[in-house]
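# Chain and residue survey
This is what each chain is made of:
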Amino acid sequence: MNAKYEQNRILQENSKIPMLIAANTEAGGNGACTDGTYVGWEIKVAASGDDEKYAYELGRISGVEASAIGCNWSFAPIVDLYRNWRNPIVSVRTWSADPDQTIKLAKAYMKGIMESNIMPAAKHWPGDGIDERDQHLSSAPNWYDTKHWDETFGKVYKALIDEGLPSIMAGHIGLPSYQKELDPDSNEFTPATLSHALTTTLLREKLGFNGVVVTDASRMVGMTGFAKRRDILPMAINAGCDLFLFFNDPDEDFNWMMEAYNNGVLGDERLEEALTRTLGLKARIGLHKLEKTKILPPKDEAMARIKLPENVRISEELSDAAVTLVKDQDEGVLPISPEKFKRIGIIPISGPKNPMAHGKGPKGVEVFADVMRERGYDVELYESLTDKSERMTTEEFAGVVKGAYAGKAPISAITDKYDMVISVAQVNGLMQPTERVYWPASKGTLVRPRASDGVRVAGLPVPPGRRPAGEDVRQRLRRLRAHCARGRRQAGGQVGVQGQAVHRRVLRPARHPHVTDPDGRRGPHPDRVRPAAVSGSVGGRR
């Protein structure tokens, strides 16, 4: 926190022109500094039952804390639509699959964050959540036809533009339907960051946006895989982007931009337009009116704004409000208590290993186990063969696997030991081919219990580790039993609210799930599952 403040102070005091300093406040002030308040990912807000209030609070708290350390621009809100449950990047980061709810909550977020004079940038133009790939790793187009796009993503962006949205982040996302219509001779998979048709003709001319457009990170494969870097940098500016995000090498990138200018690829008119918009955004913040030493608040005052008790209380309130029971088909299971289910076995489940996960503190499953012990349960954490293998040699592990089905493993060893078995899933996603629970073979081969064996089997996904895990998991689980008892409400047709669910037995996808989607279109749909018993959200992002 102190380091971030000092960094931003030094940058502003030594810059010839005041700087735009951005933060990724998608889930709270923790997106600006690690000590900031985690409020909750957007889907958690949408699950709260008082979503507009908490969307405003998410923006307000983000603004208070980010502005304290000198940020004046935010790459939020996320206004993608979660239409494909296999999409590995949108997940719990966005509000909803519904354009109207997305508009309502994005406006509330904008109102909250702009009270601290931070300019929001809605993302990711022209809309993510349709493909099942991640543009960090590959091309990931938006496959909607023009009419369907107009009714969904187009509707969202137009409403926010009319509300005064000051900036947009363009994603490395193609929109083949409009690309072909507006520029028939071009590559239909051109990402919006490099597409004049999408970012100038569609966004600026058709939707009337006159604010700043910044690219998503310029190192992502969705951009770099399209052309050589020396070409994509000027191409992004010519497409209608005013800024591109991140250098690869400052000297090399600058030389390529100068080369494009000297060769006539970049013209004065387009450069002046981009510079005017960028300076205009700074002027809207009022940076040109401030002395360099007065851009940041005094340090003591700034540090006092981080994690104010009233803001932490809002975060805790939201964690409680977001718990949603989706299904309860078994009489007498909920609410659980030590009197009914004293002996608990907990099975940790994760996603694919993610080198980009930077969670601090204990794992969510460990926090969950500690909280249950505090509540009077006898708890034992299950260690899978996969976990044990990390302490084995290759030969030892091979021998155990070969004998997996040869040994004696009576079901009574489980049913006599536990009254309930709970699977606790924690998936650290983003920049992964998939964002879903990963079931190693050992989870079902050796001692994994099943409800049909006579022991209660439940599941509880917990938030991901892109923040200190312990604090948030504790506040989510503090009153889990009470919420399960009184929270029996439907979650808008979503199963487990985008994967954050409490469920007794795992929901398995049907073999050929073809149903009608929210817009009346037929095709694969995430809500077609062979249901089991209890599901419920604890909110948050995986």
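Residues numbered from 1 in each chain as written. Predicted model: local features only at pLDDT ≥ 70, side-chain atom pairs only at ≥ 80, totals over all residues. Heavy atoms only, no water.

## Topic: the packing of helix 4 (residues 99-114) against helix 6 (residues 153-162)
For the record, the criterion: All axes are obtained by fitting lines to C-alpha atoms, using only the stretch in contact for helices, and the reported angles, taken between N-to-C directions, cover 0 to 180 degrees. A run of H or I in DSSP counts as a helix once it spans at least four residues, and a run of E counts as a strand once it spans at least two, with each numbered from the N terminus. Angle categories: roughly parallel below 35 degrees, roughly antiparallel above 145, roughly perpendicular from 65 to 115, and oblique for all the rest. Take the far helix as your reference; a near helix turned counterclockwise from it by less than a right angle gives a left-handed crossing, and one turned clockwise gives a right-handed crossing. Contacts are assigned to residue pairs that have any heavy atoms within 4.5 Å of one another. All residues other than Ala, Val, Leu, Ile, Met, Phe, Trp, Tyr, Cys, Pro, Asp, Glu, Lys and Arg, Gly among them, are scored as polar; the first ten of these are nonpolar and the last four charged.
With their axes 9 Å apart at the nearest point, helix 4 and helix 6 run at an angle of 30° to one another. Accordingly, the angle class assigned to the pair helix 4 and helix 6 is roughly parallel. Crossing hand, helix 4 versus helix 6: right-handed. On the side of helix 4, the interface is formed by Pro99, Asp100, Thr102, Ile103, Ala106, Lys107 and Met110, while helix 6 contributes Lys155, Val156, Ala159 and Leu160. Across the contact of helix 4 with helix 6, the residue classes break down as 7 nonpolar, 1 polar and 3 charged.

## Examining the pattern of salt bridges
Selection rule: The term salt bridge refers to a side-chain nitrogen of Lys or Arg lying within 4 Å of a carboxyl oxygen of Asp or Glu. Relative accessibility thresholds used throughout: buried, under 20% of the residue-type maximum; exposed, over 50%; partly exposed, between the two (1.4 Å probe, protein chains only).
For the coordinates displayed, the defined rule picks out 28 salt bridges. Measuring nitrogen to oxygen at the nearest pair gives 3.2 Å for the salt bridge that ties Lys104 to Asp51. You can see Lys104 sitting in helix 4 and its partner Asp51 sitting in helix 3 (residues 51-68), a full 53 residues away along the chain. A relative accessible area of 32% places Lys104 in the partly exposed class. For Arg270, the salt bridge is made with Glu273, and the minimal N-O distance between the two is 2.8 Å. Here Arg270 pairs with Glu273, and both are found in helix 12 (residues 268-285), just 3 residues apart, close to one helical turn. On the basis of relative accessibility, which here comes to 35%, the residue Glu273 falls in the partly exposed class. Each of Arg204, Asp242, Arg270, Glu273 and Arg277 takes part in salt bridges that share partners, so that together they form one network.

## Quick notes on the environment of Asp162
Structurally, Asp162 can be placed in helix 6. Separated by 45 residues in the primary sequence, Asp162 and Leu207 place their C-alpha atoms 9.1 Å from one another.

## So, the packing of aromatic side chains
Cut-off, in case you're wondering: Any Phe, Tyr or Trp ring, taking Trp's six-membered ring, that has another such ring centre within 6.5 Å forms a pair; planes under 30 degrees apart are called stacked, those over 60 apart edge-to-face, and the others tilted.
On inspection of all chains with the given rule, the structure shows 6 aromatic pairs. Measuring from centroid to centroid gives 5.0 Å for Trp73 and Phe75, while their planes differ by 75°, and the two rings are edge-to-face. Residue Trp73 is classed as buried on the basis of its relative accessible area, which comes to 5%. Among the residues examined, Phe75 registers a relative accessible area of 9% and is labelled buried.

## Some details on the confidence of the model for the protein
Our working rule: One number per residue, pLDDT, summarises how confident the predictor is, and it ranges from 0 to 100.
In this model, the protein carries a mean pLDDT of 82, and residues with pLDDT of at least 70 account for 78%. Segment residues 520-542 is flagged for pLDDT under 50; beyond a separation of four residues in sequence, or across chains, it makes 125 contacts in the model.

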